[in-house]
Amino acid sequence: MTTHTTRRDARAARSIRQIRHDEASALLASDIAKAAIALNGTPVLLLDPERVRGQYRRLAAALPFVRFHYAVKALAHRAVLTALAEEGCGFDVATGEELALLEGIDPGRVIHTHPIKKPAEIAQALAAGVRTFVVDNVVELEKFAGAPADARLLIRLAYRSPHAKSDLSTKFGVGPYEAAHLVEQARDRGIRVAGFSFHVGSQLDDPQRFAAAIAETLALMDHLEATLGVRFDTLDIGGGFPVAYDSAVTPLEDLAAVLRPVLEPHADRLAIIAEPGRVLAAEAMTLVTSVVGVSERGDGRWYYLDDGLYGSYSNVLAEDVHPLIFSERELTGRDADAEARRWATLAGPTCDSTDVIAREVLLPELAVGDLLVSPAMGAYTAVTATRFNGRGLTPIAVVGRGARTGELLAVAPDRAAAIV
Ligand SMILES: Cc1ncc(COP(=O)(O)O)c(C=O)c1O
């Protein structure tokens, strides 16, 4: 029996809810988390970059011939970028602003995968030394006329993923015929197309769909090489690796076992790269909120929290992702009387009635000031939060091994002025 199988079996034996409960409970009991909550109050996001490191190592072990480029958009925090840079991970940026966060990192480790870019942004990235870009139309292709000879383009393909939480094929990407046309157009303009990229859709728990997209792309590459006399050297399989938010998903190792036989025979000939975001960042951050209001309404008990859909829970709305929500009392074992639990609606702090985080959550009786904890809040949370109603951004306190004291008192940019 392999180590992976043993670990998988052990994990399968406990439900995701129990695993998340135990992790959140251990975190809340730690001195460092207590200090971060005491210093910052709530809401606060507790970030453990070691979890990012651990996920990266799992990915790299499961698909050793794939070069990973972390999708910075998922969580653009310095501690995350530093941990991944130390691990040897590459980076995937979508904007010049994300690229600027990577100052000091070898630009050869960075790819720019947004299919639409301002010409000035392309010039800035080229000047910084980035050479790999993604395009999916002729207008974008033409922006690379006159680029340095070692600039390399990947053509983004679209694979429909109706079962993904976020089907990324509706806005970007082309089918095989348009792709062939783009390769021809690039060849005629002397622009190098190095290969293809795609994104199977974020949070897609369908290994066979992922494998099929890879196989279709490889077949297209073979066909175009044979018919157009071109040569490709890169296959970018994108992101989309799923995260177990409130229920189990295919473990990384099992997903990799499905992808490996499709990819590995091509690893000598092609650079195989990927752009994971969510799977690296999600489990690294935990949100701590508190109850600011309690109301008995026609449909039962409502608790109003100090973070919501316009803040750290934005992914609930944008991608239908539902992180678990535990009360501190459950996590610390003070919820002895399970009979006293009741179904409740959890709402965010803004005046908008859309701002409802979750309905029918079974919770102990809560009062103003009681803490609630959501694990797996690292991806597409802080980065997509808004300042609606004038609310500040939820600060991020680093609580992992090696955290510096200053990082515990996490001052969100908009709050800095108020504190100084
Ligand atoms: C081009 C691109 N690459 C990578 C990612 C990261 O995807 P995920 O977080 O699902 O791994 C995204 C997410 O939107 C994306 O648009």
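As a reminder, the structure under discussion sits directly above these lines.
Everything quoted here is computed from the prediction, not taken from an experiment.

A. Region of interest: the pattern of salt bridges. On inspection of all chains with the given rule, the structure shows 26 salt bridges. Its salt-bridge partner being R209, residue E216 comes within 3.9 Å of it at the nearest N-O pair. With a relative accessible area of 39%, E216 lands in the partly exposed category. Owing to a relative accessible area of 22%, R209 belongs among the partly exposed residues under this scheme. Residue E330 is joined to R341 by a salt bridge in which the shortest nitrogen-to-oxygen separation is 3.7 Å. With E330 in helix α14 (residues 328–331) and R341 in the loop between α14 and β13 (342–347), the pair connects residues that are 11 residues apart, well separated along the chain. Taking relative accessible area as the criterion, E330 reaches 8% and is therefore assigned buried. Taking the relative accessible area as the measure of exposure, R341 reaches 28% and is therefore partly exposed. Each of the salt bridges in this network shares a partner with another, and the network as a whole consists of E50, R53, R57, E86 and E87.

B. Representation of the site of the ligand. Taken together, 15 residues lie near the ligand, and H199, S202, E275, R278 and Y380 sit nearest. Between K73 and the ligand, the recorded distance is 3.3 Å, taken from a side-chain N or O atom to an oxygen atom. The contact in question runs from an oxygen atom of the ligand to an N or O atom on the backbone of G240, over 2.9 Å. Taken together, the residues of the shell around the ligand sort by class into four nonpolar, six polar and five charged.

C. Representation of the sheet that holds strand β2 (residues 66–71) in the model. The sheet built from eight strands closes into a barrel, its strands ordered β2-β3-β4-β5-β6-β7-β8-β9 with parallel pairing. With strand direction ignored, the average angle separating the axes of adjacent strands in the sheet is 30°. By the bridge criterion, three bridges tie β2 to strand β3 (residues 90–93) in an arrangement that is parallel. Paired with A71 across the two strands is D92, which belongs to β3.

D. Representation of helix α10 (residues 207–228). With 22 residues, α10 should cover 32 Å at 1.5 Å per step; its first-to-last C-alpha distance of 31 Å lies within 8% of that length. Buried within α10 are the following residues: P207, F210, A211, A213, I214, T217, L218, L220, M221, L224, E225 and L228. Looking at the buried positions of α10, the neighbouring elements they touch are α9 (176–189), β7 (193–197), β8 (234–236) and α11 (252–263). Backbone geometry just after α10 places G229 at a positive phi near 65°.

E. Structural context of the packing of aromatic side chains. Within the structure shown, the criterion is met by seven aromatic pairs. Here Y159 and F198 contribute two aromatic rings whose centre-to-centre distance is 5.4 Å and whose plane-to-plane angle is 85°, an arrangement assigned as edge-to-face. You can see Y159 sitting in the loop between β6 (152–156) and α9 and its partner F198 sitting in the loop between β7 and α10, a full 39 residues away along the chain. Residue classification places Y159 among the buried positions, given a relative accessible area of 10%.

F. Region of the structure containing the packing of helix α4 (residues 49–62) against helix α5 (residues 78–87). Look at α4 against α5: their axes get within 9 Å of each other, and the N-to-C directions meet at 35°. Of the two elements, α4 crosses α5, and the hand of that crossing is right-handed. Residue-level contacts link P49, V52, R53, Y56 and R57 of α4 to A79, V80, A83, L84, E86 and E87 of α5. Of the residues assigned to the contact of α4 with α5, the class counts are seven nonpolar, no polar and four charged.

The rules behind the values
- Residues numbered from 1 in each chain as written.
- Predicted model: local features only at pLDDT ≥ 70, side-chain atom pairs only at ≥ 80, totals over all residues.
- Heavy atoms only, no water.
- Salt bridge = Lys/Arg side-chain N within 4 Å of Asp/Glu carboxyl O.
- Buried < 20%, exposed > 50% of the residue type's maximum accessible area, 1.4 Å probe, protein only.
- Helix = DSSP H or I, 4+ residues; strand = E, 2+ residues; numbered from the N terminus.
- Near = heavy atom within 4 Å.
- Polar contact = N/O pair within 3.5 Å; in protein donor to acceptor, adjacent residues only side chain to side chain.
- Nonpolar A, V, L, I, M, F, W, Y, C, P; charged D, E, K, R; others polar.
- Pairing = 2+ DSSP bridges.
- Axes fitted to C-alpha atoms, helices over the stretch in contact; angles between N-to-C directions.
- Expected span 1.5 Å × (residues − 1).
- Contact = heavy atoms within 4.5 Å.
- Phe/Tyr/Trp six-rings, centres within 6.5 Å; stacked < 30°, edge-to-face > 60°.
- Left-handed = near helix turned anticlockwise from the far one by under 90°.

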